[in-house]
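Below, each chain spelled out in residue letters.
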Amino acid sequence: MKTLLTRPGMIVSALIVIAALALTFAPQLFATHDPYEGIPADQLQPPSAAHWFGTDALGRDLYSRVVYGAFLSLATAGLAVVVGVAIGAVVGLVSGFIGGRVDFVLMRIVDVVIAVPSILLSLIVVAGLGFGAVPVAIGVGIGAAGSFARVTRSQVVRVRTAEYVEAARSMGVRWPAILVRHVFPNSARPVIALAALEVGTAILAVSALSFLGFGAAPPAPEWGALVSYGRDFLATAWWLSVLPGAVILVVVLAVNRLARAIGGER
Amino acid sequence: MTNSPRRFRRALAPLGAVAVISLLAACSSGGDTTEPAAEDLTSARDTLIFAIKEDPTCIDPQQTTLTTSLNIGRQVVDSLVDQDPETGEIVPWLATEFEANDDLTSFDFTLRDDVTFSDDTALTSDVVKANFDALFALGRTASLASQYLAGYTDTTVTDDTHFTVNFSAPNVVFLQGASTMTLGLVAEASTAATAEERCTTGVIGSGPFVFDSYTPNDSVVITARSGYDWPSGLREHTGDALVSTIEFPIITENGNRTGGLESGEYDIIQDVPYIDAARFDSDDYELFSKANTGVPNGLIPNINHSAVVADSAVRHAILLGTDRDEINDLTGAPGAAAASSSLTSSTTGFVSQGDALAYDPDAAEELLDDAGWEVGSDGIREKDGQKLSFVVTAFYAQDVLEVAQMQLKKIGIDMQINITDAGGFFGAIASGDYDFLAAGLTRTDPDALRTVFSQAAASKWAIIDDADLESVLTEQATLNDVDARMDLIAQAQELITENADFIPLLETVQLHGASSTIEGFEFDSASRIQLYDVRATS
Amino acid sequence: MKQTGDSRARRALRFIAPRLFQFVFVVWAAYTVTFLLLHLLPGDPLIAALSVKGGDATPTDPAELSELRARYGLDGSVWDQYVTNGLAALRGDLGVSIATGQNVGDMIARALPNTAIVAVLALLIGVVVSLLITYWAFVTRAGWLRNTLLQIPPLGVAIPAFFSGLVLVSIFAYGLGILPSSGTRNPLSPILPAITLAMPVGAIFFQVFSAAVLEARASSYVFTAIAKGVSLPTLFFRHVLRNALLPSITILGLLIGYLAGGTAVVESVFSRDGIGRLTVDAVLARDSNVVQGVVIVVAVVYSVVNLLVDFSYGLTDPRTRPAALRRRVQDARNQAVVER
């Protein structure tokens, strides 16, 4: 806690993340306009007091769209991490716990998943499941599952051979109980640290896929889709891509900063 | 100047005639392409860079349906006939004379005898026969050609320059199709090649340019052929093309193309985003625009998929509740006309339904009220627990749909947009799994209506229940009498509006940009590009 | 003499064999995983691919479609296709793209150089800039400057490539007009894409490299050396650099995968032909043969690079355990440098 207060960067990051979460769960408190309703007369206005981030070609308020887009971008990224952790944790637990041939085979498969670039893997999944926020989340999650499996396994192996587990085992405690009481809590920490870091990566991956056109259906204001939409207006309305892009950058920076702190506090 | 073949032809053309198939004027002026050009046209530069927006994928003009690819293929192959983009008149090109029989089942042609392909083989009736036979055998692999050749039985060769193309049923689109690059002629060697080979290495044509290279996803290069002397009379000059090389780099980002035009990287760019038109509205640039012909972009219903769509009151309300003028202002090209029928205003036979289509949200709401659709707590109407909601499946023009979505929301209609890829779109059609499609169909002939709305058409786009329309569409396709046929086309448009079988949204305009030093850039009747006369001034 | 030669050969074999096995396994499994994903998930590859060429005249009539399906050999059982395609791939035949009719091997061979030049350039820029910044952070005596410099990689990791690409192209191509914006025509065209890609890639390298360097800076031998009057630059180049580069090289294999993925976005932003765009287009067209070909090629490249890294380690220092080290480095990336 003391370290937190002595670092202004950390405080700013925390505030940004809190703000982003607030936007995600209560956008109506922050938006100044209806994100879907355009005023044609206000087409393509630069940032001003009335429209903080300017307006798009249909006269929609960009700031409000970014606010409402937070849910799509961040919840999709969150879901991706949950998917990644869930798959990774199961594989890692099974692999580390059972060991032997199962471990060998599972870890080789994990090698493969890591060998295929995660965006490529996500693309393949999205191609199969169809476009949209949930397929993108699953795709990104599967892309990230390899690292989680590996970290989980190494923790499980470490804990399993630890003295207190051996002791519990010799006292006749059954494996499921050991799993729940010792292995889970003691191996969770690094996984959580990695998951925190993965949030930033997932936000980037989700917005990249949306940018490429695989994301949520229009007119959903997903952040990557907003940047993508603004591409055609770079010369005439710079704010349409630059401001949502800057928002992604700031949020990812803040999330990563906090995540490193979580990892570093070990 | 007065002897310019171009002027000559314009003078002959019946003014304002809806003469798509005016065969009467056909035989009058064969061979006038040998007249010398009135002025000596030259280009200040030998190589032009024309940035295109997408990979042509298949560079064989006979197989592809992609505008980008057709635009390039047009420079490499010549056609039997040409079509005047202003009058719709079919004029001679490689065929000096042509005539159809009364029920449109056989077409006689007379060929020029001095035409050679770029592999130095001569154009003869046998080569034409080989072209049509091979193309028909390709079937749906060449989907556009197979529509032009529907019912093809054979080609009867009389001698080297005379032949007859025969059909088992009336074919109203063949002659116009013969003016497109889709039925452009290739050398016998190309007709024997496999479909895949022709896609990747191109074809041998008789046009002013030949394929030099095609690097998929990267670029296409065409070079001028020497000794070319058989342009259609619609062109400005005769002899070889004016530039020796045209490079087509594939630049998929709109911003990259417009930026590259500004920085001088590119001489011509395909598809200037409408929003950038104002940027290039200066002396340094020139914009070329032409409205697509055929069916405008709009909502095409499937009444079997959803009770909401099947409800005629709902479709009428959508028709009245969409403001086409606003859609055009926000998402259309500057100066373009708002959509006002099931054909675009540039299509032969177009009859404006503007009065019936005028924006009237009050009337739309009244229609819905009367039909029992009550406004719910969330502002969306509902009836018997059913929300007034439907999904529109599309793979382009998202902004157009977003405006319509905003407009419909105001009268309590929830329109969802499902933007998919081309594969998803046609997959939806194949499985019949859609409420509305949103798309246009680019065809020069008003028979495009039949492709979209006829229940007997192989394309299966609109699923509607409209027996009157069906019989009108079927009948017009058998008529050689232009006036009688256009009456039916007008009737079809009225019926479509009356039953709200189609909700027009936007007339798409081809908008290309070039540096002001570029001259001679022309559109043909199908809004494709002719580069034979293109040149750079210093 | 003979005996030692023998045992050396045996040791080499023991070193090589599992790696070769791993290599084969990765490629086979990459093929299998992709195949299953593409073929067991819903979606009709035929219509998707046909529509690329067919446009608004794409056939949708069921009878026509089943006829075409037979023509493209998409009508056999999944197992048949798996075996046939797998055997063909072994012979180096990656099949034909349904969408374009082109040979998949040719398509990849054509796109690969464009991607490779950007990737290599990005790697070079990333590594050189990382070296410079690390050097600066190493020699400076100002703690605040060092801390600031070390904040650069988190920034590089957090910038979305599509965003930095757009900004770069706006400034250097449209604003200043000194670099080409797009395409592959101009020999200078790889520069902007490479810089875009260098940011995240360089940042990852930087994290591993600077961690090693700064660890060395805090060690006792450096402390002693400084006390003896050895200058910091000398120290950096004579001792620290070499030791820190070694683990950093290990990360190269990992970066290859990252580069291959990053190009998908960068090649779209800069309208370049390359592996990334090829993949995006193929996925859009559900052109399973092309996607599969790309995955196989990327897996082979990844495996070859890792093999080479392993061998170079094995040759220079038999005691090092590259596999373990690489894993450690990978975890280090995952944790994106735990704050020190």
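Residues numbered from 1 in each chain as written. Chains lettered and ligands numbered in written order. Predicted model: local features only at pLDDT ≥ 70, side-chain atom pairs only at ≥ 80, totals over all residues.

The name given to chain C in an unreviewed UniProt entry is Peptide ABC transporter permease, and the organism recorded there is Amnibacterium flavum. What UniProt records for chain C under Sequence similarities (unreviewed entry) is the sentence "Belongs to the binding-protein-dependent transport system permease family." (UniProt positions renumbered as here; feature names shortened; annotations may be inferred.)

An unreviewed UniProt entry lists chain B under the name ABC transporter substrate-binding protein, from Amnibacterium flavum.

Moving on to the overall build of chain B. A tally of helices and strands in chain B yields 18 helices and 25 strands. The C-alpha atoms of chain B give a radius of gyration of 24 Å, which matches the 24 Å a tight globule of 538 residues would have. Seen along its three principal axes, the alpha-carbon backbone of chain B occupies a region of about 75 × 55 × 45 Å. Residues counted as buried form 60% of the 538 residues belonging to chain B. When contacts within chain B are restricted to residue pairs at least 6 apart in sequence, long-range pairs at least 24 apart make up 72% of them. (Helix = DSSP H or I, 4+ residues; strand = E, 2+ residues; numbered from the N terminus. Rg over C-alpha atoms; globule rule 2.2 N^0.38 Å. Buried ≥ 20, exposed ≤ 12 C-beta atoms within 10 Å, placed from the backbone. Contact = placed C-beta atoms within 7 Å.)

Caution applies to low-pLDDT parts of the model: their predicted coordinates are not meant to be read in detail. All names here are of chain B. Looking at chain B, pLDDT values average 87 and 93% of them are 70 or higher. No element of chain B has a lower mean pLDDT than helix 1 (residues 5–12), which averages 33, and none a higher one than strand 20 (residues 503–506), which averages 96. Note on residues 1–38: pLDDT under 50 across the span, and 66 contacts to partners over four residues away in sequence or across chains. (pLDDT = per-residue confidence, 0-100.)

Residues and elements named next belong to chain B. Taken across its 7 residues, strand 19 (residues 436–442) has 7 buried, putting it largely inside the fold. Burial along strand 19 is two-sided: Phe436, Ala438, Gly440 and Thr442 facing one way and Leu437, Ala439 and Leu441 facing the other are all buried. Judged from the 6 bridges that link them, strand 13 (residues 294–301) and strand 19 form a sheet pairing that is antiparallel. Counterpart to isoleucine 300 in the pairing with strand 19 is leucine 437. In the sheet, strand 17 (residues 389–394) pairs with strand 19 via 2 bridges, with the strands oriented parallel. Counterpart to threonine 393 in the pairing with strand 19 is leucine 437. (Pairing = 2+ DSSP bridges.)

In many analyses, interface size is given as the accessible surface area lost on bringing the parts together. The interface is formed by 17 residues belonging to chain A together with 22 residues belonging to chain B. Across the side of chain A that touches chain B, the residue classes tally to 11 nonpolar, 3 polar and 3 charged. (Nonpolar A, V, L, I, M, F, W, Y, C, P; charged D, E, K, R; others polar.)

Bringing the packing of helix 3 (residues 62–98) of chain A against helix 4 (residues 100–115) of chain A into the picture now. All names here are of chain A. At a minimum axis distance of 7 Å, the contact between helix 3 and helix 4 shows a crossing angle of 145 degrees. The handedness of the crossing between helix 3 and helix 4 comes out as left-handed. Seen from helix 3, the contacting residues are Val91, Val94, Ser95, Gly96 and Ile98; seen from helix 4, they are Gly100, Val102, Asp103, Leu106, Met107 and Val110. (Axes fitted to C-alpha atoms, helices over the stretch in contact; angles between N-to-C directions. Left-handed = near helix turned anticlockwise from the far one by under 90°.)

Facing the 45 residues of chain C at the interface are 43 residues of chain A. Sort the elements by how many residues they give to the side of chain C that touches chain A and helix 1 (residues 2–40) of chain C lands first, with 8 residues.

With that settled, consider unusual backbone geometry. Not every positive phi belongs to a glycine, and aspartate 271 of chain B is a case in point at roughly 50 degrees. With respect to the secondary-structure elements, aspartate 271 of chain B resides in the loop between strand 11 (268–269) and strand 12 (285–291). Looking at aspartate 271 of chain B, the number of C-beta atoms within 10 Å reads 18, which means it is partly exposed. Within the chain, serine 271 of chain C stands out as a residue other than glycine whose phi angle is a positive 50 degrees. Note that serine 271 of chain C resides in the loop between helix 12 (252–269) and helix 13 (275–284).

Bringing the domain arrangement of chain B into the picture now. When its domains are assigned, chain B resolves into domain 1 (8–291 + 510–536) and domain 2 (294–507). The interface is formed by 21 residues belonging to domain 1 of chain B together with 18 residues belonging to domain 2 of chain B. (Domains from an automatic or database assignment.)

Quick look at the UniProt feature "transmembrane region" (unreviewed entry) in chain C now. Look at the UniProt record and you will see "transmembrane region" (unreviewed entry) annotated at residues 20–41, 116–138, 158–179, 191–212, 249–270 and 290–309 of chain C. A helix fraction of 100% and a strand fraction of 0% characterise residues 116–138 of chain C, whose end C-alpha atoms lie 32 Å from each other.

What follows covers the environment of alanine 339 of chain B. All names here are of chain B. Assignment of secondary structure puts alanine 339 in the loop between helix 11 (324–331) and helix 12 (354–357). On the basis of neighbour counts, which here come to 31 C-beta atoms within 10 Å, the residue alanine 339 falls in the buried class. Put simply, alanine 339 and proline 56 are 283 residues apart on the chain and 28 Å apart in space, counted from C-alpha to C-alpha. In contact with alanine 339, not counting residues within four places along its chain, are Pro296, Gly298, Arg324, Pro504, Leu505, Leu506 and Glu507.

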